[in-house]
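Next come the chains, spelled out residue by residue.
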Amino acid sequence: MSPASGTDGILAVLIVGAGFSGVAMAIRCREEGIGPIAVIEKGAGIGGTWRENTYPGAACDVPSHLYSLSFAPKADWSRLYAKQPEIEAYLRGVAESHGLMPLIRFGTTLRRAVWDEGRALWRAETDRGEVLARAIVSGAGGLHHPALPAIPGRDDFAGPSFHTAAWDHSIDLASRAVGIIGTGASAIQVVPELARSAAHLTVFQRTPPWIMPKNDRAIPPERQARYARHPILRRLERARLFWRLELPALVGFTRVSKVTAQAEAMARHHLRKAVPDKDLRRKLTPTYRFGCKRVLLSDEYYAAVQQDTVTLETGSIARIVPDGVEMIDGTRHRLDALVYATGFDVVGGSLRTEVVGRGGRRLAEAWADGMQAFQGITVSGFPNYFILLGPNTGIGHNSIIAMIEIQVRHVLDCLKTLAKGSQAIEVRDPVQTRFVERIRNRMKESIWQAGGCSSWYLDAKGRNTTLWPDSVLAYRRSARRARLSDYRLD
Ligand code: NAP
């Protein structure tokens, strides 16, 4: 992988993925003089999830002045919640201005990574050949392997059908009868757009989401100019947004509490104001606790499902037929096109790349009892292997980029130790076990497990191996620095 490789052809760090995680990691490695490094990216450009999810209406649901890298501020975000093209362009701009482009191999997928114990390095097998690296940092993310539902007859559908994360822009959905399965974070954004353009839209809802107002708006050019002239104002705004979102975590949002009931009352009020029809309101009212599934933000969804050209179908789907969807009560919805807003295979997706650690042990074996990693970053038996946004480090209440930056700092500490001459750094097994026990204990009575819903947060055994069960501040305290006493050095 020249010219980024060292003289011996061995990279100091191979970074997988050019989304927010990979870009942040690469920039910080270079700033700290850690090299040579290279980034491999399966897609054709920078952006990760923000390059893949191009469905109409795609936008962030954390305010952009917070949903951006702390060391790469942008004064001129055009909206409170930027849309996908602006976020993708932002990240591309950050990568370009930091000189990352020559280090990135686009269209390159990591197939397998094997720890070579004798040489203390990783052999990364990509679809474009082998790369040798002292360390691998996976910035591959969890939400990018589309989960298509196991509904009978899925392949029989005669018209175009695709997943929200693989939007087919060549298909003109205007003036067609369109169906969309799912009412999660992706659906909530795409439904208002489809409702505007399609001749008819049928929304297939299995479980109604809790929805709060988004209050999205354009940021006036004068304010953008002020942020550019006085960076302190932009920093203050970022801090304000952080604390506003962090507050629920500080008052214990992870358990069913008085705060849960208050939030439910607010969301019900939003629903009552937006939907006068009692029957429709009942269909849209969740029967599980607020926060059990990801809470959604939208100013448009309730209006969209009340349009004359939109049907909210809450029955159970029996099968997909060539010209539509058949419900178990026999109702048939005739459709020209079908959109799957059915989410991602988080657990299966994270094991798609085979990772073989010390003694030939596979990551899939290490995770047979559920995904786990110390601080969500390092796994015992897998020296010099680091995961960004790994197990139990997802959050729904604040900016995930804050979590990424904490992890990048932790990984940098480890990489600096390697740069000083250690061959391998590996989390001590008891340290990881203690950490995972702490997380599992916290999860036991958490809203995600006790809130009366199922979600992608939980694995097949009903365990939450995806979310961090506390505040960002608590994670910062826990993970920001890599303590050498937690690690074994060779
Ligand atoms: P999701 O939250 O997992 O939602 C999937 C939807 O599909 C759910 O409504 C689910 O119903 C439904 N579904 C799945 N299988 C079904 C079946 N067999 N029959 C009927 N319905 C079925 O997926 P997502 O909306 O793509 O969001 C995934 C995550 O991506 C989010 O939680 C969020 O972290 C991230 N995201 C973020 C944003 C953003 O604004 N920043 C936007 C999009 C996505 P049930 O609820 O009944 O399971």
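From a predicted model like this one, the values you see are computed outputs, not experimental measurements.

1. Quick word on the overall build of the chain
Step number 1: Across its full length, the chain carries 15 helices and 20 strands.
Step number 2: Over its C-alpha trace the chain gives a radius of gyration of 23 Å, about what one expects of a compact globule, namely 23 Å for 490 residues.
Step number 3: The principal-axis extents of the C-alpha atoms in the chain amount to approximately 70 × 55 × 45 Å.
Step number 4: Considering the chain as a whole, with its 490 residues, one finds that 54% of them fall into the buried category.

2. So, the layout of surface pockets
Step number 1: If you add up the space inside the second largest pocket, you get close to 1200 Å³.
Step number 2: The wall of the second largest pocket is formed by 45 residues, among which Met212, Pro248, Phe290, Val295 and Leu297 lie closest to the centre.
Step number 3: At the level of secondary structure, the elements contributing two or more residues to the lining of the second largest pocket comprise helix H6 (231-250), helix H7 (258-274) and helix H14 (447-450).
Step number 4: Considering every element that reaches the lining of the second largest pocket, the biggest residue donor is H7, with 8 residues.
Step number 5: Three or more residues apiece are contributed to the lining of the second largest pocket by two domains, here domain 1 (2-145 + 345-489) and domain 2 (154-210 + 274-340).

3. A word on the domain arrangement of the chain
Step number 1: The domain boundaries assigned to the chain delineate domain 1 (2-145 + 345-489) and domain 2 (154-210 + 274-340).
Step number 2: For domain 1 and domain 2, the distance between their C-alpha centres works out to 33 Å.
Step number 3: Between domain 1 and domain 2, the residue contacts involve 20 residues of the former and 17 residues of the latter.
Step number 4: Applying the counting rule to domain 1 against domain 2 returns 1 salt bridge.
Step number 5: For Arg294, the salt bridge is made with Asp61, and the minimal N-O distance between the two is 2.7 Å.
Step number 6: Linking domain 1 with domain 2 are 7 residue pairs in polar contact (both at pLDDT 80 or more), by the criterion used here.

4. Thoughts on the site of the ligand
Step number 1: Close contacts around the ligand come from 22 residues, with Thr183, Ser186, Arg206, Thr207 and Lys293 the closest.
Step number 2: Out of a free accessible area of 910 Å², the ligand has 83% covered by protein chains.
Step number 3: Among the elements that line the shell around the ligand, the one with the most residues is helix H4 (residues 185-197), at 3 residues.
Step number 4: Among the residues making up the shell around the ligand, the classes are represented as 10 nonpolar, 8 polar and 4 charged.

5. Details of the side chain of Thr393
Step number 1: Structurally, the position occupied by Thr393 is in the loop between strand E18 (385-387) and helix H12 (400-419).
Step number 2: Not counting residues within four places of it along the chain, the set of residues in contact with Thr393 comprises Gln375, Gly376, Ile400, Met403, Gln407, Thr466, Leu467, Trp468 and Tyr475.

6. Some words on the sheet that holds strand E12 (residues 310-313)
Step number 1: The strand order across the open sheet formed by 5 strands is E7-E16-E8-E9-E12, and the pairing between neighbours is parallel. Looking at which strands have only one partner, the edges of the open sheet turn out to be strand E7 (161-163) and E12. On average, each strand axis in the sheet is inclined to that of its neighbour by 15°, with strand direction left out of account.
Step number 2: Across 4 bridges, strand E8 (residues 177-181) lies against strand E16 (residues 337-340) in parallel orientation. When the sheet's bridge partners are listed, Val178 is paired in E16 with Ala337.
Step number 3: The strands touched by H4 within the sheet are E8, strand E9 (200-204), E12 and E16, with E8 carrying the most contacts at an inclination of about 170°.

7. Remarks on the nonpolar core
Step number 1: Residues Val13, Phe20, Met25, Tyr67, Leu69, Phe386 and Leu415 are the most contacted members of the largest nonpolar core, which totals 82 residues.
Step number 2: No other element matches the 12 residues that H12 contributes to this core.
Step number 3: Split by domain, the residues of this core number at least three in each of domain 1 (2-145 + 345-489) and domain 2 (154-210 + 274-340).
Step number 4: Beyond its immediate chain neighbours, meaning those up to four positions away, Tyr67 contacts Phe20, Trp50, Cys60, Val62, Trp77, Ile87, Ser399, Ile400 and Ile401.

Scoring rules and cut-offs
Residues numbered from 1 in each chain as written. Predicted model: local features only at pLDDT ≥ 70, side-chain atom pairs only at ≥ 80, totals over all residues. Heavy atoms only, no water. Helix = DSSP H or I, 4+ residues; strand = E, 2+ residues; numbered from the N terminus. Rg over C-alpha atoms; globule rule 2.2 N^0.38 Å. Buried < 20%, exposed > 50% of the residue type's maximum accessible area, 1.4 Å probe, protein only. 1 Å grid on protein atoms, 1.4 Å probe; cavity = no way out; pocket = protein on both sides within 12 Å on 5 of 7 lines; lining within 4 Å. Points joined across faces, edges and corners; volume = space filled by probe spheres on them. Domains from an automatic or database assignment. Contact = heavy atoms within 4.5 Å. Salt bridge = Lys/Arg side-chain N within 4 Å of Asp/Glu carboxyl O. Polar contact = N/O pair within 3.5 Å; in protein donor to acceptor, adjacent residues only side chain to side chain. Near = heavy atom within 4 Å. Areas by Shrake-Rupley, 256 points an atom, 1.4 Å probe, with all protein chains shown as cover. Nonpolar A, V, L, I, M, F, W, Y, C, P; charged D, E, K, R; others polar. Pairing = 2+ DSSP bridges. Axes fitted to C-alpha atoms, helices over the stretch in contact; angles between N-to-C directions. Core = buried A, V, L, I, M, F, W, Y, C linked by side-chain atoms within 4.5 Å.

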